[in-house]
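Okay, here's what each chain looks like letter by letter:
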Amino acid sequence: MVQASLNIKPQTCELLGFESLVLQGFLGTIAILSLVLKRKYEIPRRPWKIWLFDVSKQIIGAFIIHFLNVLGSILLSSEPDEGLDENPCTWYFLNVLFDTTVGVPILWCMLWYVYRFATKLNITGIQSGEYGDPPKAGPYLKQLSLYLLALVLSKIVLSLVLYFVPFLDDWAAYLISWSTFDERVEIVFVMLVFPTVMNSLQYYVVDSIIQSPEFGVTHEPIHHHHHTPDRNYSTFTKQTEEP
């Protein structure tokens with residue numbers, strides 16, 4: 001193990017402690033503010049209701065993934081007989097790293113397949129980021145369900161990779177080893193500093209994927225009274241309709 005070779009004393013951190021929960025709440029606030037800033041510079045800018053529909057998909061998904069990351073980190077770190085790292089912060093760091101890097105293209109692929117399947121079932125109102133004029137809850141709930149399904153599927157793929165590739169936990173332990181001298185420093189880095197940077201970038205990219213191409217791609221304002229609700233703006237749906 002890397003920890004043994006570097007003579008680093010193994011430590012564990014508390015992912016469900018009071019400090020951790022406060023940091024997680026602060027992280028969520030920063031992530032939402034980053035998307036507010038993104039909207040500010042959109043041309044044309046999404047109306048608030050459409051923006052809330054788009055962003056809420058990621059917020060709900062983030063809660064689910066965060067719960068899975070914490071649960072998985074605790075379970076994996078409690079299996080010393082399997083030769084896995086015993087520090088839950090190591091596994092949480094590794095999950096965030098993979099979610100926000102290779103997890104993004106995997107999510108995109110899963111969205112493509114999920115939308116392809118939904119299209120074959122003739123499900124309507126699933127054009128990503130299109131909710132009707134005025135925006136309605138029906139299309140939003142359908143798109144939310146498809147997004148969450150794709151997100152969970154991508155998480156399953158990532159979890160299998162993390163579990164079956166044996167050296168990844170050693171590598172992650174090495175990367176955060178500089179912070180293990182103090183549990184508070186480790187918690188702040190693993191659950192605030194690192195996720196803030198990586199999640200903000202991830203949310204920006206994913207928001208660009210799931211929003212309607214009607215917004216943020218042209219310098220000419222679009223007048224919504226000319227908008228046709230049946231127009232297919234969804235990248236996913238366009239691709240799934242190809243032979």
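Provided above is the structure to which this section pertains.
From a predicted model like this one, the values you see are computed outputs, not experimental measurements.

Novice: Is there a simple way to think about the pattern of salt bridges in this case?
Specialist: Pairing of side chains with opposite charge becomes possible as their charged atoms draw close. Scanning the entire structure with this criterion turns up 7 salt bridges. As a salt-bridge pair, Asp207 and Lys38 come within 2.9 Å of each other at their nearest N and O atoms. Of this pair, Asp207 sits in helix 8 (residues 183-210) while Lys38 sits in helix 2 (residues 18-40), and the two are 169 residues apart along the sequence. Classification of Lys38 by relative accessible area gives buried; the value is 10%. When the shortest N-O distance is used, the salt bridge between Glu42 and Arg46 registers 2.5 Å. Given a relative accessible area of 7%, Glu42 falls into the buried group. Through salt bridges that share partners, Lys38, Glu42, Arg46, Asp54 and Asp207 make up one connected network.

Novice: Help me out: how do you make sense of the side chain of Ser200 in this one?
Specialist: Relative to the helices and strands, Ser200 is located in helix 8. The class of Ser200 is buried, set by a relative accessible area of 18%. A distance of 2.7 Å separates a polar atom in the side chain of Ser200 from the backbone oxygen of Thr196. Apart from the residues lying within four places of it in its own chain, the contact partners of Ser200 are Ile30, Ser34 and Pro195.

Novice: Honestly, the layout of surface pockets in this entry has me stumped. Any pointers?
Specialist: Space left empty within the atom packing is revealed by a probe, the size of a water molecule, rolled over the atoms. What the largest pocket holds in volume is close to 650 Å³. Lining the largest pocket are 33 residues; nearest its centre among them are Ala62, Phe63, His66, Asn199 and Tyr203. No other element matches the 9 residues that helix 3 (residues 48-77) contributes to the lining of the largest pocket. For the lining of the largest pocket, a count of residues per class yields 18 nonpolar, 13 polar and 2 charged. Taken as a whole, the second largest pocket encloses approximately 240 Å³ of empty space. Along the walls of the second largest pocket sit 14 residues, with Leu68, Gly72, Asn95, Lys155 and Ser159 positioned nearest its centre. The element that contributes the greatest number of residues to the lining of the second largest pocket is helix 6 (residues 137-164), accounting for 7 residues. In the lining of the second largest pocket, the residues fall into 9 nonpolar, 4 polar and 1 charged.

Novice: Help me understand the packing of helix 5 (residues 103-120) against helix 8, please; the structure alone is not making it clear to me.
Specialist: Geometry of a packed helix pair, given as the angle between the helix axes and the separation of the axes. Direction vectors running N to C along helix 5 and helix 8 enclose 20°, while the axes themselves pass 11 Å from each other. Taken together, the axis directions place helix 5 and helix 8 in an arrangement best described as roughly parallel. Helix 8 is crossed by helix 5, and the crossing has right-handed handedness. Only Gln202, Val205, Val206, Ile209 and Ile210 of helix 8 make contact with helix 5, whose side of the interface consists of Val104, Leu107, Trp108 and Leu111. Of the residues in the contact of helix 5 with helix 8, the class split is 8 nonpolar, 1 polar and no charged.

Novice: Sorry, what's going on with the nonpolar core here?
Specialist: Note that soluble globular proteins tend to have their nonpolar side chains buried in a common cluster. Judged by nonpolar contacts, the single largest core of 27 residues is most densely connected at Phe93 and Val190. Residue assignment for this core shows that the elements contributing at least two residues are helix 2, helix 3, helix 4 (88-99), helix 6, helix 7 (168-175) and helix 8. Sequence-distant contacts of Val190, that is, excluding residues within four places in its chain, are made with Cys89, Tyr92, Phe93, Ile176 and Pro195. By size, the runner-up hydrophobic cluster in this structure holds 21 residues, among which are Ile50, Phe53, Ala118 and Tyr140.

Novice: Sorry, what's going on with the packing of aromatic side chains here?
Specialist: Any two aromatic rings considered together are summarised by their centre-to-centre distance and by the angle between their planes. Scanning all chains against the criterion turns up 10 aromatic pairs. With a centroid separation of 5.0 Å and an interplanar angle of 90°, the aromatic rings of Tyr163 and Phe164 are classed as edge-to-face. A residue is classified by how much of its surface remains accessible, and Phe164, at 59% relative accessible area, is exposed. Seen in terms of ring centroids, Trp178 and Phe189 are 5.0 Å apart; in terms of plane orientation they differ by 70°. Their pairing is edge-to-face.

Novice: Explanation requested: the environment of Cys13 in the structure shown.
Specialist: Tracing the backbone through its elements, the reader meets Cys13 in the loop between helix 1 (2-5) and helix 2. For Cys13, a relative accessible area of 6% gives the class buried. Separated by 169 residues in sequence, Cys13 and Asp182 place their C-alpha atoms 9.5 Å apart.

Reading guide: rules and limits
- Residues numbered from 1 in each chain as written.
- Predicted model: local features only at pLDDT ≥ 70, side-chain atom pairs only at ≥ 80, totals over all residues.
- Heavy atoms only, no water.
- Salt bridge = Lys/Arg side-chain N within 4 Å of Asp/Glu carboxyl O.
- Helix = DSSP H or I, 4+ residues; strand = E, 2+ residues; numbered from the N terminus.
- Buried < 20%, exposed > 50% of the residue type's maximum accessible area, 1.4 Å probe, protein only.
- Polar contact = N/O pair within 3.5 Å; in protein donor to acceptor, adjacent residues only side chain to side chain.
- Contact = heavy atoms within 4.5 Å.
- 1 Å grid on protein atoms, 1.4 Å probe; cavity = no way out; pocket = protein on both sides within 12 Å on 5 of 7 lines; lining within 4 Å.
- Points joined across faces, edges and corners; volume = space filled by probe spheres on them.
- Nonpolar A, V, L, I, M, F, W, Y, C, P; charged D, E, K, R; others polar.
- Axes fitted to C-alpha atoms, helices over the stretch in contact; angles between N-to-C directions.
- Parallel < 35°, antiparallel > 145°, perpendicular 65-115°, else oblique.
- Left-handed = near helix turned anticlockwise from the far one by under 90°.
- Core = buried A, V, L, I, M, F, W, Y, C linked by side-chain atoms within 4.5 Å.
- Phe/Tyr/Trp six-rings, centres within 6.5 Å; stacked < 30°, edge-to-face > 60°.

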